[in-house]
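Each chain, written out:
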Amino acid sequence: MIQAKKRPAEKNASEGQPVKKQKATDDGKKQKFQGKKPFNKFGAKGKKFQKDFKPKGQQFKTKADGKTDWADVKLKKKDLRAQRKKQKAKDASLYELSVQAKQLYEKLKCKTTPNKHELCTELHSLLKKGDAYAKLVLSHDIARVVQCLLKYSQGEIRKEISEILLPNIVQMSTSKYAHFCVSRMLKYGTKEIRSKVITGFFGNIIKLVSHKFSNELVDIAYNTHATPTEKAEIRQEFYSDLYRKNKAKNVQTLEDTWKDSPELKTAVMASTKANLMKCANKELVDNGLVHAVLLEFMKVCAETDQQDVVQAYSGLLAHLSSTKEGAHAAIECYLKAQTKDRRAILKSLKEHVEKICKHEFGHLLMITIINCTDDTVMLSKTIFNVIISRLESIASNEWGRKVLEWTVAPTDTAFFHPQFVTEMNAGLKHSKKDADVRQKEIFAIVEKPFTEAIAKNASFWLRGGSTALLTCAIMRKAKGEHSKGAYEALADVVSDAEWRVNETENDEEAEETEKVAQIPSIKIKKIKKNPLIDENEEKKEEKQIAGIEHPGLHVALKKLIKSDQAKEDEDTSNRFGTALVAKLTKETVEKWLPLNRACFILLNLYETNDESVQSQIKELLNKAALKKQQHSGAKILLKKLF
């Protein structure tokens, strides 16, 4: 055991005996600090220290009043930093070259700089000396210089830079800074350069896809620039290591790998599963390549492999919904998931429900979940609570309306193509509950909030033909007290003589998936206004017409009126036609008579209601004014009523 050395005791000079060190008394402390002020960093002492400070080993200028010239201090410190960087640099010549390149770059990136082509030529001639590009492109500062060159340089220079960088394309793709240069090569390069970049990825696809920087580059290359042949060759590396160096022209899908050699199936499936699991473990699945391979795998794999993959991807379905193949892969994962995995999936999707509903491909997953989930209580807590809280936002989007239409009118061919209905219902084999029972339970969840939303803001639900058809579908199934308030609110809007709507229904812009390093993925991509559009054209787009004369609303109102006939067992006062006629005034009817479609609405009201309502309509109509109208609606109405 190592013992610490004891400090030797002090000896008495006269006797040579050890003397014990006495502790200082309080009086001694007072005497020691008497007449001295304690040091204060921010007080007078601090100011004096700052004023008299002179860095060691350097001489600095002083001003006329004797104070240090801090501008000179900063300048000399800057020179000192530059000298240290130069000393640390492995190659002093490369350091000097990078300094010159950055000086030219500062001029080149400025928008107001003229003759950028000349600057690009000068900068390129500076960096192409030796292997400067390859050595410096990985650094944070020169990577920006190369990006700027690829953006502003002419085609010949851009091609020459790309040819120099291509041998290091894999290393650049996984670099924190250089991977931006690869994205510029794909964006600004010619078709030949892009093809060479994709070819440069071959042999390292799995490595690149499972790396946080290069993952997005492979996705851009695969979805945007790769030809069908190149896409197949990229996918082959996911199937097996056999295809890393040697590509097979006859292998287009996963099943093609064992078509001629069935004994390879086990090895290929194991390799594909391992690669997919690797991407899932790193949460790097927001990639069209991964989506395509996952979809192929889920269709042909064994049940045990399915469950392993589903568990790995259960929290990542929001990422998968960003592409068409990914959305179908997410559907396969959900349908083949066990009950506990389905609950985990629903919980993970809760915070992304609105974005998924409003996405071009994501809404397919949401419709599948609504159509095939037996646990409607869990569905209410995770999915419908969010939908109800953001109802108008979802209803104002083309894809969001599809989700709402399936909720209230599933399998209705007025909203969905028969083939789409068949595809959606194919997933019912993975459910146990009867479809009719599930639909009734779901509508019981949404009936009250949907009708309350209509009663609260009826003008929104009659803003255009598409939204009005959704309103009609909701009201067709709503009954009792839930429908009464909504009918009255809708009648208030329709009976208003000044009711006007936009000629075209302005939906929210379609959402596109932008790649995000972490979670979710789906954002609105705003379209900037074109300054070249004539103002008159913009005004033309925003033109408003009478709501009663709008062609889409006309169809929806006719359906809404005819839906009263299906509610014969209910109180006659709880109908749209009854509520509308009660709200109509002679002033409104006079404005309706010159309008062809408005007269047909009055005719539909007359034909679908009882005698008491018919008598009210006759009282509102002016026979003499009706005879003056020449359009077909007025003539038929006159013939029918009088």
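All of the points below concern the structure found in this document. Keep in mind that what you see is a predicted model, and the values were worked out from it rather than measured.

## Let's talk about the nonpolar core
Part 1: Phe238, Tyr313 and Ile387 are the most contacted members of the largest nonpolar core, which has 172 residues in total.
Part 2: Take this core: its biggest share by element is eight residues, from helix α16 (residues 288-300).
Part 3: Residues contacting Phe238, with those up to four places away along its chain left out, are Ile205, Ile206, Val209, Ser271, Thr272, Asn275, Leu276, Cys279, Leu289, Val290 and Val293.

## A few points about the packing of aromatic side chains
Part 1: In the structure shown here, the tally under the stated rule is six aromatic pairs.
Part 2: Relative to Phe420, the ring of Trp406 has its centre 6.1 Å away and its plane inclined at 85°; by these criteria the two rings are edge-to-face. Of the two residues, Trp406 sits in helix α25 (residues 398-408) while Phe420 sits in helix α26 (residues 418-425), which places them 14 residues apart along the sequence. The same class applies to Trp406 as to Phe420, namely buried.
Part 3: Across the ring face of Tyr222, the terminal group of Lys231 is positioned such that the distance to the ring centre comes to 5.4 Å.

## Observations concerning empty space enclosed by the protein
Part 1: Scanning the model with the defined rule gives two cavities of 30 Å³ or more in all.
Part 2: Space inside the largest cavity adds up to approximately 60 Å³.
Part 3: Along the walls of the largest cavity sit Ile370, Asn371, Trp406, Thr407, Pro410, Arg438, Gln439 and Ile442, which together make up its complete lining.
Part 4: Breaking the lining of the largest cavity down by element, the ones donating at least two residues are α22 (362-372), α25 and α27 (435-456).

## Concerning the packing of helix α13 (residues 214-225) against α16
Part 1: Interaxial distance between α13 and α16 falls to 7 Å at its minimum, and their mutual angle equals 70°. Looking at the two axes, α13 sits roughly perpendicular to α16. Side by side, α13 and α16 meet where Val218, Asp219, Tyr222 and Asn223 of the first sit next to Gly288, Leu289 and Ala292 of the second.
Part 2: Here the contact of α13 with α16 is built from residues that sort into four nonpolar, two polar and one charged.

## Some thoughts on helix α36 (residues 611-620)
Part 1: Turning to α36, its buried residues number three or more, namely Val613, Gln614, Ile617 and Leu620. For α36, the buried positions fall inside an angular range of 120° around the axis, keeping them on one side. Among the exposed residues of α36, those oriented more than 90 degrees off its buried face are Glu611 and Glu619.
Part 2: Buried-residue contacts for α36 involve α33 (576-583), α34 (586-592), α35 (596-608) and α38 (632-641).

## Notes on unusual backbone geometry
Part 1: At Asn115, a residue that is not glycine, the phi angle is positive and equals roughly 55°.
Part 2: Considering the arrangement of structural elements, one finds Asn115 in the loop between α4 (92-108) and α5 (116-127).
Part 3: When its relative accessible area of 52% is taken as the criterion, Asn115 is described as exposed.
Part 4: Although it is not a glycine, Glu283 adopts a positive phi angle of roughly 55°.
Part 5: By secondary structure assignment, the location of Glu283 is in the loop between α15 (265-281) and α16.

Basis of the calculations
- Residues numbered from 1 in each chain as written.
- Predicted model: local features only at pLDDT ≥ 70, side-chain atom pairs only at ≥ 80, totals over all residues.
- Heavy atoms only, no water.
- Core = buried A, V, L, I, M, F, W, Y, C linked by side-chain atoms within 4.5 Å.
- Buried < 20%, exposed > 50% of the residue type's maximum accessible area, 1.4 Å probe, protein only.
- Helix = DSSP H or I, 4+ residues; strand = E, 2+ residues; numbered from the N terminus.
- Contact = heavy atoms within 4.5 Å.
- Phe/Tyr/Trp six-rings, centres within 6.5 Å; stacked < 30°, edge-to-face > 60°.
- Lys NZ or Arg CZ within 6 Å of the ring centre and 35° of its normal.
- 1 Å grid on protein atoms, 1.4 Å probe; cavity = no way out; pocket = protein on both sides within 12 Å on 5 of 7 lines; lining within 4 Å.
- Points joined across faces, edges and corners; volume = space filled by probe spheres on them.
- Axes fitted to C-alpha atoms, helices over the stretch in contact; angles between N-to-C directions.
- Parallel < 35°, antiparallel > 145°, perpendicular 65-115°, else oblique.
- Nonpolar A, V, L, I, M, F, W, Y, C, P; charged D, E, K, R; others polar.
- Arc of directions from axis to C-beta.

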